[in-house]
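# Fold and geometry: a report
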Amino acid sequence: MAFICKSPHQFLRSPLFIPSSYQGNRIHFPSIKRVQITNSFPVIKALKPDDDDNAVKKEDIVIIGAGIAGLATAVSLEKMGIKCKVLEQADSLRTGGTSLTLFKNGWSVLDAIGVGTELRSQFLEIQGMVIKSEDGKELRSFNFKDVDASQEVRAVERRILLESLANQLPQDAISFSSKLANMEKKQDGNTILKLEDGNQLSAKVVIACDGIRSPVAKWMGFPDAKYVGYCAFRGLGVFPNGQPFQQRVNYIYGKGIRAGFVPVSSTKVYWFICYNSSSPGPKITDPAVLRQQTKELVRDWPSDLLNIIDATPDDTIIKTPLVDRWLWPVVTPPASNGNVVLVGDAWHPMTPNLGQGACCALEDSIVLSKKLAEALQSGTMSIEDAFKSYQDERWGRVFPLTIRANAVGTLLQLDNPLVCAARNNIVIPKLVRLGPMLEHTNFEFEPFLSK
Ligand SMILES: Cc1cc2nc3c(=O)[nH]c(=O)nc-3n(C[C@H](O)[C@H](O)[C@H](O)COP(=O)(O)OP(=O)(O)OC[C@H]3O[C@@H](n4cnc5c(N)ncnc54)[C@H](O)[C@@H]3O)c2cc1C
């Protein structure tokens, strides 16, 4: 049954709201009753509601995943006076990883939740883009502000973005080493979250921001995200004495392979290579192998790119098979199930061809938080209806973008030499216009309700 609350205070002071007993960054549940493992999944045999209800830690709003979506949602809710608990499987914020390009839609959300200014000061504004062929010939260049004066493009380090968001939250808001293993709906509408370490929580509201392989999406009946036929290598080149590149995105298009690089700061340059591969291939963790495979792919390409790869510390080179999931009407489950809702990649994994996955996760976070706050504060709609309204508003935004990103990737990964020649000699130099390529970065939302 949906539950309606007159005010956030009533909600937060409800009998089920227990002040946090978190110590540092880890949850300690000394009283939790461990029960025998019956099979490999679920890890824990469910406690019956009247078995030992006191053994289950009770929370109002639980966010699964301290990635971009999870932290941005937690910060948005916090800004509106609504507390939540974030569970993250890792033992710290993701420190590895490379960089993400954020467009004006991402920046408008970061401004609204109070971290835009501090991030801007650390990352260069990118003025435009240049497209080259694999032999280094310039095919076309654009200046972003020539077509949209309000456009803002910066590549940000994922680690710094996550840290800035986490710094906006109370110290005990994130529980690390808290991996969700399974979940179960109770008759009273609450959800039991079963963690891999055997601990359990009961949550009134679950906001799943647990990424591409979301166990919550699986629980809700979503199929796995589908491999799209190409993989990406990424890394972050470091130039301690200053990087030499202009503030623009550099794309290099080959046949069935393309690369790009963009200055992040005065000393760092992000790069990527996308290459066709009939299967995702084995997971590679050895940095020497990753570097070697990367360099083999672009052996004869412009030296700028090779120099940046050489300047890349081992621990930032990663390989990712690219996937997406299309949210077909009727066929695909809805984004919410009662008081459980999906946000970001957990709901709509998309390929990175438009640089919109994280931007959309940020958009989701603000739309969802405002609808949830409205439900809690005005009581005019239930949480369940707030989540449905979020899905209705966001579906029309994220589904077309997922398809568009996929289509762009398919075109850019074509390997037929004749088609690639036509692309490089006719389509890019004469036909492509920048304006339509950036239209999807327009995103408006109402200002925040303050605390
Ligand atoms: C090659 C590549 C390039 C990209 N470039 C861009 C770009 O330029 N611009 C852009 O906007 N987007 C880009 N993206 C997309 C972007 O990275 C994602 O859209 C974004 O990270 C989604 O954020 P999220 O919080 O939804 O998921 P994630 O960032 O994946 O976060 C999920 C979090 O949930 C945690 N988690 C998972 N399972 C559990 C569990 N069982 N229990 C507890 N915690 C759990 C994870 O540890 C993680 O911290 C790119 C993606 C790729 C692959």
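Residues numbered from 1 in each chain as written. Predicted model: local features only at pLDDT ≥ 70, side-chain atom pairs only at ≥ 80, totals over all residues.

### A closer look at the overall build of the chain
Applicable threshold: Elements are defined by DSSP. Helices are runs of H or I of four residues or more, strands are runs of E of two residues or more, and each kind is numbered from the N terminus. For the exposure call, what matters is how many other C-beta atoms sit within 10 Å of a residue's own: 20 or more marks it buried, 12 or fewer exposed, and in between partly exposed, using C-beta atoms placed from the backbone. Each residue gets a C-beta atom placed from its backbone, and two residues are in contact if those atoms lie within 7 Å.
Scanning the chain from N- to C-terminus turns up 13 helices and 17 strands. In the chain, buried positions account for 42% of the 451 residues. Restricting the contact set of the chain to residue pairs at least 6 apart, pairs at least 24 apart contribute 77%.

### Considering the nonpolar core
Just so we agree on the cut-off: Residues of type Ala, Val, Leu, Ile, Met, Phe, Trp, Tyr and Cys that are buried and joined through C-beta atoms within 7 Å form what is called a nonpolar core. Marked domain ranges trace back to an automatic or database domain assignment.
In terms of nonpolar packing, the biggest core is built from 106 residues, with Val62, Ala72, Ala208, Val341 and Val343 touching the most fellow members. In terms of residue count, helix α10 (residues 357-378) provides more of this core than any other element does, 12 residues in total. Domain assignment of the residues forming this core places at least three in each of domain 1 (8-93 + 162-224 + 327-404) and domain 2 (99-158 + 226-324 + 408-441). For Ala208, the residues in contact, after removing those within four places along its chain, are Ile64, Ser214, Val216, Ala217, Val340, Val341, Leu342, Val343 and Ala346.

### Structural notes on α10
For clarity, the cut-off: Any helix carries an expected span of 1.5 Å times its number of residues minus one.
Taking 1.5 Å per residue, 22 residues should reach 32 Å; α10 reaches 31 Å between its end C-alpha atoms and fits that length. In terms of burial, α10 is a largely internal element, 19 of the 22 residues being buried. Just downstream of α10 lies Gly379, where phi reads positive at about 70 degrees.

### Structural notes on the confidence of the model for the chain
The condition is simple: pLDDT: the predictor's confidence for each residue, scored from 0 to 100.
For the chain, per-residue confidence averages 88 on the pLDDT scale, and 87% of positions sit at 70 or higher. Counting interchain partners and residues more than four positions distant, the pLDDT-below-50 stretch residues 1-50 has 81 contacts.

### Focus on the packing of helix α2 (residues 68-79) against helix α6 (residues 158-166)
Condition: Whenever a helix is involved, its axis is fitted only over the stretch in contact; in every case the axis is a line through C-alpha atoms, and angles between N-to-C directions fall within 0 to 180 degrees. Geometric relationships in this document are graded by angle, where less than 35 degrees denotes roughly parallel, more than 145 denotes roughly antiparallel, 65 to 115 denotes roughly perpendicular, and other angles denote oblique. For a crossing to be left-handed, the near helix must be turned anticlockwise from the far one by less than a right angle; the clockwise case is right-handed. Asp, Glu, Lys and Arg are counted as charged, while Ala, Val, Leu, Ile, Met, Phe, Trp, Tyr, Cys and Pro are counted as nonpolar; the rest, among them Gly, fall into the polar class.
Between α2 and α6, the least distance of the axes is 9 Å, while the angle of their chain directions is 25 degrees. When the interaxial angle is binned, α2 and α6 end up roughly parallel. Relative to α6, α2 is oriented so that their crossing is left-handed. On α6, the residues that touch Ile68, Leu71, Ala72 and Val75 of α2 are Leu161, Leu162, Leu165 and Ala166. A class-by-class count of the residues in the contact of α2 with α6 yields 8 nonpolar, no polar and no charged.

### What to know about the sheet that holds strand β5 (residues 138-143)
Adjacent strands of a sheet form backbone hydrogen bonds with each other and so pair up, either parallel or antiparallel. Short version of the rule: In this analysis, strands are considered paired if DSSP registers two or more bridges between them.
Taken in spatial order, the 7 strands make up an open sheet running β5-β4-β12-β13-β14-β11-β15, and their pairing is mixed. Since the sheet does not close on itself, it has two edges, and those belong to β5 and β15 (318-324), each with one partner. Within the sheet, the average angular offset between the axes of one strand and its neighbour, ignoring direction, is 20 degrees. Two strands pair when backbone bridges link them, and strand β4 (residues 128-133) and β5 are joined in this way by 5 bridges, in the antiparallel orientation. When the bridges of β5 are listed, Met129 appears paired with Phe142. The strands touched by helix α9 (residues 303-310) within the sheet are β11 (226-238), β12 (248-253), β13 (257-263) and β14 (268-276), with β14 carrying the most contacts at an inclination of about 110 degrees.

### Here's the deal with unusual backbone geometry
You will see that Ser177, though not glycine, has its phi angle at about 50 degrees, which is positive. In this fold, Ser177 is placed in the loop between β7 (174-175) and β8 (180-185). Ser177 sits in the partly exposed class, given 16 other C-beta atoms within 10 Å. If you check the backbone angles, Val330 has positive phi at about 70 degrees while not being a glycine.

### Describing the pairing of β12
Across 6 bridges, the pairing between β4 and β12 is parallel. Note that in β12 the partner of Gly128 across the bridge is Arg248. Note: β12 against β13, 4 bridges, orientation antiparallel. Looking across to β13, one finds that Asn250 is bridged to Phe261. Between β12 and the antiparallel strand that follows it, β13, lie 3 residues; Gly256 among them carries a positive phi value of about 75 degrees.

### Points about the site of the ligand
For clarity, the cut-off: For each residue, a C-beta atom is placed from the backbone, and the residue is labelled near a molecule or strand when this atom is within 6 Å of it.
Taken together, 35 residues surround the ligand, and among them Gly65, Gly67, Gly211, Gly344 and Gly357 come closest. Elements with a contribution of two residues or more to the shell around the ligand: α2, β3 (99-102), β11 and α10. Grouping the constituent residues of the shell around the ligand by class yields 18 nonpolar, 11 polar and 6 charged. Counting contributing residues per domain, the shell around the ligand is built from domain 1 (8-93 + 162-224 + 327-404) and domain 2 (99-158 + 226-324 + 408-441), each supplying no fewer than three.

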